[in-house]
Amino acid sequence: MIGHDLRYSFRTLVKQRGFTAVAVLTLAIALAANTAIFSVVNAILLRPLPYANPEQLVDLTGISRVDGVVYPVHSYPNYVDLRDQSKTLEHVVAFTRGRAFLMEGDEPELMNGLDVTSNLPAMLSVRPQLGRFFNAQEDREGAEQVLVISHELWQKKFNGDANIVGRPIRFGTAGKLRTVVGVMPPKFRFPADEAHRDYYAPFHEDLGPAREQRDSIWITLAGRMRPGVTVEQTTAEVGTIGRRLEKQYPQENAGLDFRAHSMHEGIVKDVRPALLMLFGAVAVVLLIGCANVANLLLARATARHKEISIRAAIGASPGRITMQLLVESVVLSMLAGAVGLLLASWGIDALLAFAPSDIPRLETISLDGRVLLFTTLLSIFTGIAFGIVPALSAARPNLSEALKEGTRGSTEGKRNRLRSILVVSAVAMSLMLLAGAGLLLRSFIHVTGIDPGYDYRNAIALDISPRTLAYPENDQAIAFNERLIEAARALPGVESVAAVDALPLTPNESIWSFGIVGRPPYAPGTQPSAKGTTVTPGFFRTMRIPLIRGRDLSDRDTKDTPKVIVVNQTFVRELFPNEEPLGKKIRLSGPNDPEDLAEIVGVVSDVRWRGLTVDPPPQMYFALRQSARRFMSIVVRAPNAESMGPTLRALVRRLDRQQPIVEIATLAGARTESLATRRFNLILLAVLAIVALVLAAVGIFSVMNYAVTQRTSEIGIRMALGAEARDVFRLIVGNAVRLVVIGSAIGLAGALLSSRAIGSFLYGVKPADPWTLAAIVVIIGGTAMLASYLPARRAARVDPLVAIRYD
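Residues numbered from 1 in each chain as written. Predicted model: local features only at pLDDT ≥ 70, side-chain atom pairs only at ≥ 80, totals over all residues. Heavy atoms only, no water.

> Even after reading the chapter, I still don't get the overall build of the chain, so can you show me in this structure?
Scanning the chain for helices and strands turns up 24 helices and 22 strands. Residues classed as buried in the chain amount to 52% of the 807 residues present. Residue pairs at least 24 apart in sequence account for 81% of intrachain contacts in the chain once pairs closer than 6 positions are excluded. Summed over its atoms, the accessible surface of the chain is roughly 35,900 Å², and 58% of this surface lies on carbon and sulfur atoms. (Helix = DSSP H or I, 4+ residues; strand = E, 2+ residues; numbered from the N terminus. Buried < 20%, exposed > 50% of the residue type's maximum accessible area, 1.4 Å probe, protein only. Contact = heavy atoms within 4.5 Å. Areas by Shrake-Rupley, 256 points an atom, 1.4 Å probe, with all protein chains shown as cover.)

What follows is the structure in structure tokens.
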């Protein structure tokens, strides 16, 4: 019986090619959107990490009981105690993210890597593709310098040389020889880090003084729990260890606790809300598509009422007719699913092309078996969902009405009401999506209008770290940076040049704890802290950061003079709200100096260093000659800054041909990159909202067009009795407006409820923003007018004589 129904369905759909094409395309667009977004959700949220027993992998963080701040890094002594005292953790891996230069070839090339402990392969149960990983003897200070490289680096720079294992290569700014001992498998990623890494180096090579500094936090930790142990048990244990260490070391570990978190959850937690929002949006698009196709089926049921009535008259039961119609609906939706898969594959390629790089596990997105199963089941469910109402409506025909030519009976009236309800539903759902997109758009406009506190226009930055082979002492590295700054100042058109150790809107930062001279000592764990930034003289002028009071840092501020700092307004507001800050001295305790005095000599305005939507933290600016940083970003301000990349690269080559360049980028580009995730979410939701609006417009058009066809005789009589064309036009448009008003009222109520779910994505606009909702209602109303215009114009041109004979 099913086979007969399938064959009959295919024949019927082939005969009605126009209906089939419209229905399949409508559903295919909605199914493609659902398939594409589900493939992302599947890869990022649902697919487990590709390692043995991934549920045992955890991240280990610190958390302050004083203010609840989570610290993703630890000190080396705390790492050792945690590793040695834990009974629930089978492995604890310590690592830091780093950069180094491959000095092979004509020009140094920047590589991203990890300094990691030797038990990484044991924790993940992986083995190198070639050679081996470094061992515990090599993972200690003073051991032979070895290196494990990625499969991609092996292929790209060494042409897949099978003899790479054992080969020495020059690596790092020092240009020292390192022996390659292994090559990792293709596409290997350390899940606690997720980014592509070109190399893996022994963690213990250059610990130096940090080996003993319990208050210097810079190490990231990950672990594998023993079989049968839960995350809750591990969290309880490491929390106990943290409290024990706090008692042993009250000064350094005051208020510090430890926590364990699922590694997979740590990877996806930041993107989960956005993905769930998008998944909900595509579900709404699918519902609108279902409403449209259900409308088409209701209209088709009217055209087939005689056929169905004859089948009922010769003995077909309502259940049998319902089954046949549902089979047709499912066949229709399966065809749409097949087309949707093709569209989804293109959509995924487009999505990956403009997706921001900070979305984790992007490279794993694909149309795998789970996605295919999802699309298949969704297609079947969709076919039943949009087919059930039309099928039930058509399965019990009124035979006396149906077999009379031209009868418009009660059955047709019920179908018209159903069609109107479906249009109202589509309008309501599209309004909800448009409201969400509108709120994100207004939020994005607010964010782009935020003053970051500096002028990002006409400025380019050159990131550089003087190589230690040529400049082994910090003074030599500083001298090279200063020569580069002076040479850049001499370039034609350059207005000013300065340097900073970390640019705004970049993740790198140094946090310093301090005390204030003349005030009582702070209790352990309650010391204030501030972001520390190292700059050269003229930095504030180059970045156009206003100097509020005092003086700028100058060339006279050297290591032989008393240390001075410039602070921002937030620093003054929080630490010296009713005092003159100039001349005040603070006692620093940071990563370089356990105790050092510095005098405040200037105050500058705030800069949104951590992000455009993040309030500026207290900040201290140090002079380069007093802080001795090697890695610096040289900022050049010039009218032609965007085109100066090749000129700056050539300038570095002229000063030192072997000096590697980390990156050259404009400050405007960095600002644009910081908005990438917001832009990505906005574009996706806006595309879905536009699709929903188009589908709603198609629904309004189809209902109005069908109504004109159905009421042709009535319209002819009205016009014969004196009604003018504009009266008929207003009648049809008025019916459309009535449906849209009802749908908009329902949609507004739904938008007020659903918009709260996207509150965390908004900035500078409330979820119930009246201006946004008013604009969306106008857009919906305008769309309804356009969608009803052609049917209304057609009705206004009806010939009364022809119309009266229509039935």
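Structure's up, so let's keep going.
> Help me understand a nonpolar patch on the surface in this model?
A grouping of Ile2, Leu6, Phe10, Met323 and Leu335 is seen on the molecular surface, where their side chains present a nonpolar patch of about 420 Å² in accessible area. Of all elements in the fold, only helix 1 (2-15) and helix 10 (318-354) reach the threshold of two or more residues within the nonpolar patch. It is helix 1 that provides the largest number of residues to the nonpolar patch, a total of three residues. For Leu335, a relative accessible area of 33% corresponds to the partly exposed category. (Patch = residues over 30% accessible without salt bridge, like charges linked within 9 Å, V, L, I, M, F, W, Y side chains within 5 Å. Salt bridge = Lys/Arg side-chain N within 4 Å of Asp/Glu carboxyl O.)

> How should the environment of Thr117 be read in this particular structure?
With respect to the helices and strands, Thr117 occurs in the loop between strand 4 (109-116) and helix 4 (120-124). By relative accessible area, Thr117 is classed as buried at 3%. Between the C-alpha atoms of Thr117 and Thr96, which are 21 residues apart in sequence, the distance is 9.7 Å. Dropping the residues within four chain positions of it, Thr117 is found in contact with Tyr79, Val92, Val93, Ala94, Phe133, Phe134, Asp139, Phe203 and His204.

> Hey, could you run me through the packing of helix 2 (residues 17-46) against helix 10 in this one?
In helix packing, the relevant descriptors are the interaxial angle and the interaxial distance, both defined with respect to the helix axes. Two numbers describe how helix 2 lies on helix 10: the axes approach to 6 Å, and their chain directions differ by 45°. In terms of axis orientation, helix 2 runs oblique to helix 10. Crossing handedness for the pair helix 2 and helix 10: right-handed. Counted by class, the contact of helix 2 with helix 10 contains 20 nonpolar, six polar and no charged residues. (Axes fitted to C-alpha atoms, helices over the stretch in contact; angles between N-to-C directions. Parallel < 35°, antiparallel > 145°, perpendicular 65-115°, else oblique. Left-handed = near helix turned anticlockwise from the far one by under 90°. Nonpolar A, V, L, I, M, F, W, Y, C, P; charged D, E, K, R; others polar.)

> Could you clarify how one ought to interpret helix 23 (residues 770-796) in this entry?
Since the α-helix turns once every 3.6 residues, residues separated by three or four places project in the same direction. Its 27 residues give helix 23 an end-to-end C-alpha distance of 37 Å, which sits within 8% of 39 Å, the value for a rise of 1.5 Å per residue. The set of residues buried in helix 23 consists of Thr772, Leu773, Ile776, Ile780, Thr783, Ala784, Ala787, Ser788, Pro791, Ala792, Ala795 and Ala796. (Expected span 1.5 Å × (residues − 1).)

> Please explain unusual backbone geometry as it appears in this structure.
Most peptide bonds are trans, and most residues other than glycine sit at a negative phi. For Asn159, which is not a glycine, the phi torsion comes out positive at approximately 55°. Position of Asn159 relative to the elements: it lies in the loop between helix 5 (151-158) and strand 7 (168-171).

> What am I meant to see in the nonpolar core here?
Across soluble globular proteins, nonpolar side chains show a tendency to be buried alongside one another. Core analysis: the biggest nonpolar cluster contains 123 residues, and Val116, Leu124, Phe190, Tyr200 and Ile700 have the highest contact counts within it. When neighbours within four sequence positions are excluded, Leu124 is seen to be in contact with Tyr51, Ala52, Leu57, Phe188, Phe190, Pro191 and Arg224. Core analysis: the next-biggest nonpolar cluster, separate from the first, contains 26 residues, Tyr471, Ile478, Ala499 and Met632 among them. (Core = buried A, V, L, I, M, F, W, Y, C linked by side-chain atoms within 4.5 Å.)

> Just to check I follow, could you spell out the pattern of salt bridges for this structure?
Once the charged atoms of two side chains with opposite charge are near each other, the side chains can pair. Counted by the stated rule, this structure contains 23 salt bridges. Asp161 is paired through a salt bridge with Arg167; the nearest N and O atoms lie 3.8 Å apart. Judged by its relative accessible area of 29%, Arg167 falls in the partly exposed class. Lys584 serves as the salt-bridge partner of Glu579, at 3.8 Å between the closest nitrogen and oxygen. Assessed through its relative accessible area of 36%, Glu579 is described here as partly exposed. On the basis of relative accessibility, which here comes to 25%, the residue Lys584 falls in the partly exposed class.

> Explanation requested: the pairing of strand 7 in the structure shown.
The side chains of a regular strand alternate, first on one face of the sheet and then on the other. Here strand 7 shows a clear split, with Ile169 and Phe171 buried on one side and none of Pro168 and Arg170 buried on the other. Here strand 7 pairs with strand 8 (residues 176-183) via four bridges, running antiparallel. Bridge assignment links Arg170 to a residue of strand 8, and that residue is Leu177. (Pairing = 2+ DSSP bridges.)

> Would you take a moment to explain the pairing of strand 3 (residues 89-102) for this structure?
In terms of residue burial, strand 3 counts as a mostly covered element, since 11 of its 14 residues are buried. Inspection of the sheet shows strand 3 paired to strand 10 (residues 220-225) by six bridges, in the antiparallel sense. If you follow Ala94 over to strand 10, its bridge partner there is Leu221. Here strand 3 runs beside strand 4; their pairing, made up of eight bridges, is antiparallel. Following the sheet pairing, Thr96 is matched in strand 4 by Asp115.

> Would you take a moment to explain the side chain of Asp139 for this structure?
If you trace the backbone, Asp139 turns up in the loop between strand 5 (130-131) and strand 6 (146-149). Excluding residues that lie within four positions of it along the chain, Asp139 makes contacts with Val116, Thr117, Ser118, Phe134, Pro202, Phe203 and His204.

> Looking at this structure, how should I read the packing of aromatic side chains?
The description of two aromatic rings rests on the distance between their centres and on the angle between their planes. Within the structure shown, the criterion is met by 22 aromatic pairs. For the ring pair Phe571 and Phe576, a centre distance of 6.3 Å and an interplane angle of 35° mean the geometry is tilted. Phe571 gets classed as buried once you look at its relative accessible area, which sits at 0%. Classification of Phe576 by relative accessible area gives buried; the value is 1%. Directly above the ring of Tyr249 sits Arg214, whose terminal nitrogen or CZ lies 3.7 Å from the centroid. (Phe/Tyr/Trp six-rings, centres within 6.5 Å; stacked < 30°, edge-to-face > 60°. Lys NZ or Arg CZ within 6 Å of the ring centre and 35° of its normal.)

> What should I look at first to understand the environment of Phe444 in this one?
Mapped onto the elements, Phe444 comes out in helix 13 (residues 410-448). You can call Phe444 buried: its relative accessible area is 15%. Put simply, Phe444 and Leu675 are 231 residues apart on the chain and 8.5 Å apart in space, counted from C-alpha to C-alpha. Residues in contact with Phe444, not counting those within four places in the same chain, are Leu675, Arg678, Arg679 and Leu682.

> Where do I start with the environment of Ala792 in this structure?
Its location among the elements puts Ala792 in helix 23. For the pair formed by Ala792 and Phe701, sequence separation is 91 residues and the distance between their alpha carbons is 9.8 Å. Ignoring any residue separated from it by four or fewer positions in sequence, one finds Ala792 in contact with Phe729, Ile732 and Val733.

> I keep staring at helix 6 (residues 231-248) and nothing clicks. Help me out?
The end-to-end C-alpha distance of helix 6, which contains 18 residues, comes to 26 Å, matching closely the 26 Å that a straight helix rising 1.5 Å per residue would cover. All buried positions along helix 6 are accounted for by Thr234, Glu237, Val238, Gly239, Ile241, Gly242, Leu245 and Glu246. Tucked into the core, helix 6 has its buried residues touching helix 3 (76-85), strand 3, strand 10 and strand 11 (256-262).

> Quick question: what am I supposed to make of the confidence of the model for the chain here?
Do not read the predicted coordinates in detail wherever pLDDT is low. Confidence along the chain averages 85 in pLDDT terms, with 90% of residues attaining 70 or more. A low-confidence stretch, residues 405-409 stays under pLDDT 50, and its non-local contacts, those more than four residues away or across chains, total six contacts. Note that residues 590-594 has pLDDT below 50 and, in this model, 13 contacts with residues that lie over four places away or in other chains. (pLDDT = per-residue confidence, 0-100.)

> Mind showing me how you'd approach the packing of helix 3 against helix 6 here?
Relative to each other, helix 3 and helix 6 sit at 130°, their axes nearing to 10 Å. Classified by the interaxial angle, the pair formed by helix 3 and helix 6 is oblique. For the pair helix 3 and helix 6, the crossing hand works out as right-handed. Mapping the contact onto sequence places Asn78, Asp81, Leu82 and Gln85 in helix 3 and Glu237, Val238, Ile241, Arg244 and Leu245 in helix 6. For the contact of helix 3 with helix 6, the residue count by class is four nonpolar, two polar and three charged.

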